[in-house]
Amino acid sequence: MNHYYPFINTPLPYSYDALEPFIDEKTMHLHHDRHLQTYIDNLNRFLEENPALQMYSLEEMLILWRRLPCHLQAPLRNNAGGVYNHRFYFNGMKSKDKGFGTTASPLFEAMTCQFGSPENFKKQFKAAALSVFGSGYAWLVSDGGRLRIVTSSNQNTPVLHFRTLILNIDVWEHAYYLKHYNMRAAYIDDWFRVVNWSKAGERFSRRWRKENSPLL
Ligand code: MN
């Protein structure tokens, strides 16, 4: 038996005020300590009642939920998704605003190739994040090395369809309401200032190398 269960709320990889003034300290406290904590508590409670699932990692649970009896599918998808999506989101940000950073990385080369330019990617990603009706996420994913922008509602995750996830933005209102009120567009602009592009590049390159070593 391995040691995924019980899940704990791992600390943020930066301080709560590290993303100021773009994402405020109070939002980060509530988001990490209350919202994410609730998903962790609910997931642990679910796994306590279903011990046969305790051996799986979050990613594995997000792939196997469809094979469970119907009444177990939604609780597992929502709670494992809530933990996975939030961790992915928090780990995809950092304190220093360095814009797009280096454009020489494989990720930026792919972005330029497919979207015309990193700025063009940004426009399309923002439009996708704005298009999420109600609560959900916008994601940058790689489909065998090819970049795609996708959205998911609630705590659904594209991990089932695209194993290489690069970036996500949480557009549930709790992610921005205290600072940006109902202005999701302003929050998306601010989020772009704190994206951890080197982390995004690592996520892209790790799978890219494994799945698709270049032919030329
Ligand atoms: Mn959230």
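Residues numbered from 1 in each chain as written. Predicted model: local features only at pLDDT ≥ 70, side-chain atom pairs only at ≥ 80, totals over all residues. Heavy atoms only, no water.

Draft legend 1. How the structure looks around the packing of aromatic side chains. For the structure on display, the rule yields twelve aromatic pairs. Ring geometry for phenylalanine 88 against tryptophan 139: centres 5.7 Å apart, planes inclined by 40°, an arrangement best described as tilted. You can see phenylalanine 88 sitting in helix α3 (residues 70–91) and its partner tryptophan 139 sitting in strand β1 (residues 136–143), a full 51 residues away along the chain. The burial state of phenylalanine 88 is the same as that of tryptophan 139; both residues are buried. Judged by centre distance (6.4 Å) and plane angle (75°), the rings of phenylalanine 121 and tryptophan 197 are edge-to-face. With phenylalanine 121 in helix α5 (residues 118–131) and tryptophan 197 in helix α8 (residues 197–211), this residue pair connects regions lying 76 residues apart in the sequence. (Phe/Tyr/Trp six-rings, centres within 6.5 Å; stacked < 30°, edge-to-face > 60°. Helix = DSSP H or I, 4+ residues; strand = E, 2+ residues; numbered from the N terminus. Buried < 20%, exposed > 50% of the residue type's maximum accessible area, 1.4 Å probe, protein only.)

Draft legend 2. Representation of the nonpolar core. Ranked by size, the top nonpolar core spans 65 residues in total, and within it Met93, Ile169 and Trp197 carry the most contacts. Broken down by element, this core gets its largest block of residues, eight residues, from α3. (Core = buried A, V, L, I, M, F, W, Y, C linked by side-chain atoms within 4.5 Å.)

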